[in-house]
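Here's the letter readout for the chains.
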Amino acid sequence: MVKGREGERVRLYVRGTILGYKRSKANQYPNTSLIQIEGVNTKEEVAWYAGKRLAYIYKAKVKKDGSHYRCIWGKVSRSHGNSGVVRAKFTSNLPPKSMGDRVRVFMYPSNI
Amino acid sequence: FPFPLTYIARLLRIHISERKREEEAESNQNSFAAMAPRKTPVVSRNPQLIRGVGKYSRSKMYHKRGLWAIKAKNGGVFPKHDPKPKAAATPVKPSKFYPADDIKMPLPNKRKAKPTKLRASITPGTVLILLAGRFKGKRVVFLKQLTSGLLLVTGPFKVNGVPLRRVNQAYVIGTSTKVDISGTNVDKFDDKYFAKAAEKKNKKGEGEFFEADKERRRASCHKTRRMTRRLSMQHCLNRLRQCQI
């Protein structure tokens, strides 16, 4: 490894924002969330992200497994619309307070 | 002369091949009527027009296979072999235990797991980027794919601290950088090498730490494991140095 670059923080995920639940005008379906992935702006660009794992990480007051941080895992399932928004399903539905929060879009399962 | 030449040729050919078979049989010291093992694979003389429909009828095939010649050789009758003497049947003991109800047996599962298909971008010597796990973000050299489908990978340890390790293909990005590791011998390493019992072994550079019950196990495999790893990794390292990475 190049000496000067050790200790750098590597971000092996892409940043994403939780926009809300899949919904129509008056009904929402919380089992699927909508995620805006940074830098992804068209339906075609989403193809690379299909199937990639997502993690919604949040903090809690009570320590679980020795950590205040908790995680809900999910997967990118498909694109949503024409502008690069993505639908995702999580192991348990995202809590409504997560709207607007950060989500990590990992690069695995990788196909490169 | 009523018979065509081809017929005679066939007769002769069959006769000759029969002779050859006889000779083989004799050389194998079987009884003269036994069949010798085939040297060429069995090819059907009856090409299929459509699946299930052959070109030639039964009588024509009888002719083509030369069954008439075999019969002629055996005096007009198809040769019969005495059935092989059956091994004396071991007396079957009546079972001691009969279950009260009929037990449902699970259906037989004859599936054989294959190792996952290796991506085209990953060949021995490729530099990979690990995406997850303890060494995420590290660039690592790919050695080979193990029978379980996992990839065998090494830092090498001296370069970036990643030891000989197994990694799943899905958690890896293959770069286009390749290192020439031809000659690096990785045959010794397979999934069994990474089995749990061996995990208590000493790694390179760590201090000795003996426990009474594990002492013998460690002592026996310790030196050999270190040596095999050192030798193979040294080679890999040399290769890397040559590539000036």
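Residues numbered from 1 in each chain as written. Chains lettered and ligands numbered in written order. Predicted model: local features only at pLDDT ≥ 70, side-chain atom pairs only at ≥ 80, totals over all residues. Heavy atoms only, no water.

Bringing the interface of chain B and chain A into the picture now. If you look at the interface, chain B gives 16 residues, while chain A gives 8 residues. Buried surface at the junction of chain B and chain A, summed over both partners, amounts to about 1000 Å²; 68% is from carbon and sulfur atoms. Of all residues in chain B, the largest losses of buried area upon contact with chain A belong to B:Arg119, B:Leu131 and B:Ile173, amounting jointly to 40% of the total for that side. Taken together, chain B and chain A are joined by 0 salt bridges. Summed over the shared surface of chain B and chain A, the number is 5 residue pairs in polar contact (both at pLDDT 80 or more). Of all elements in the fold, only α4 (157-160) and β7 (172-178) of chain B reach the threshold of two or more residues within the side of chain B that touches chain A. Looking at side-chain class alone, the side of chain B that touches chain A contains 8 nonpolar, 5 polar and 3 charged residues. (Contact = heavy atoms within 4.5 Å. Buried area = accessible area lost by both parts, 1.4 Å probe. Salt bridge = Lys/Arg side-chain N within 4 Å of Asp/Glu carboxyl O. Polar contact = N/O pair within 3.5 Å; in protein donor to acceptor, adjacent residues only side chain to side chain. Helix = DSSP H or I, 4+ residues; strand = E, 2+ residues; numbered from the N terminus. Nonpolar A, V, L, I, M, F, W, Y, C, P; charged D, E, K, R; others polar.)

As a further point, take the sheet that holds strand β2 (residues 28-37) of chain A. Residues and elements named next belong to chain A. Reading around the circumference, β1-β2-β5-β4-β3-β6 is the order of the 6 strands in this closed barrel, with antiparallel pairing throughout. Averaged over all pairs of adjacent strands, the angle between strand axes in this sheet comes to 45°, irrespective of strand direction. Pairing between strand β3 (residues 53-64) and strand β4 (residues 67-80): 8 bridges, direction antiparallel. Pairing of lysine 59 across the sheet is with tyrosine 69, part of β4. (Pairing = 2+ DSSP bridges. Axes fitted to C-alpha atoms, helices over the stretch in contact; angles between N-to-C directions.)

This paragraph deals with the side chain of B:Asn160. Residue and element names in this part refer to chain B. Examined against the element boundaries, asparagine 160 turns out to sit in helix α4. Residue classification places asparagine 160 among the buried positions, given a relative accessible area of 11%. Within the local environment of asparagine 160, its side chain forms a polar contact with the backbone nitrogen of valine 162, the two atoms lying 3.2 Å apart. (Buried < 20%, exposed > 50% of the residue type's maximum accessible area, 1.4 Å probe, protein only.)

These results come straight from atomic positions and should not be treated as a statement about function.
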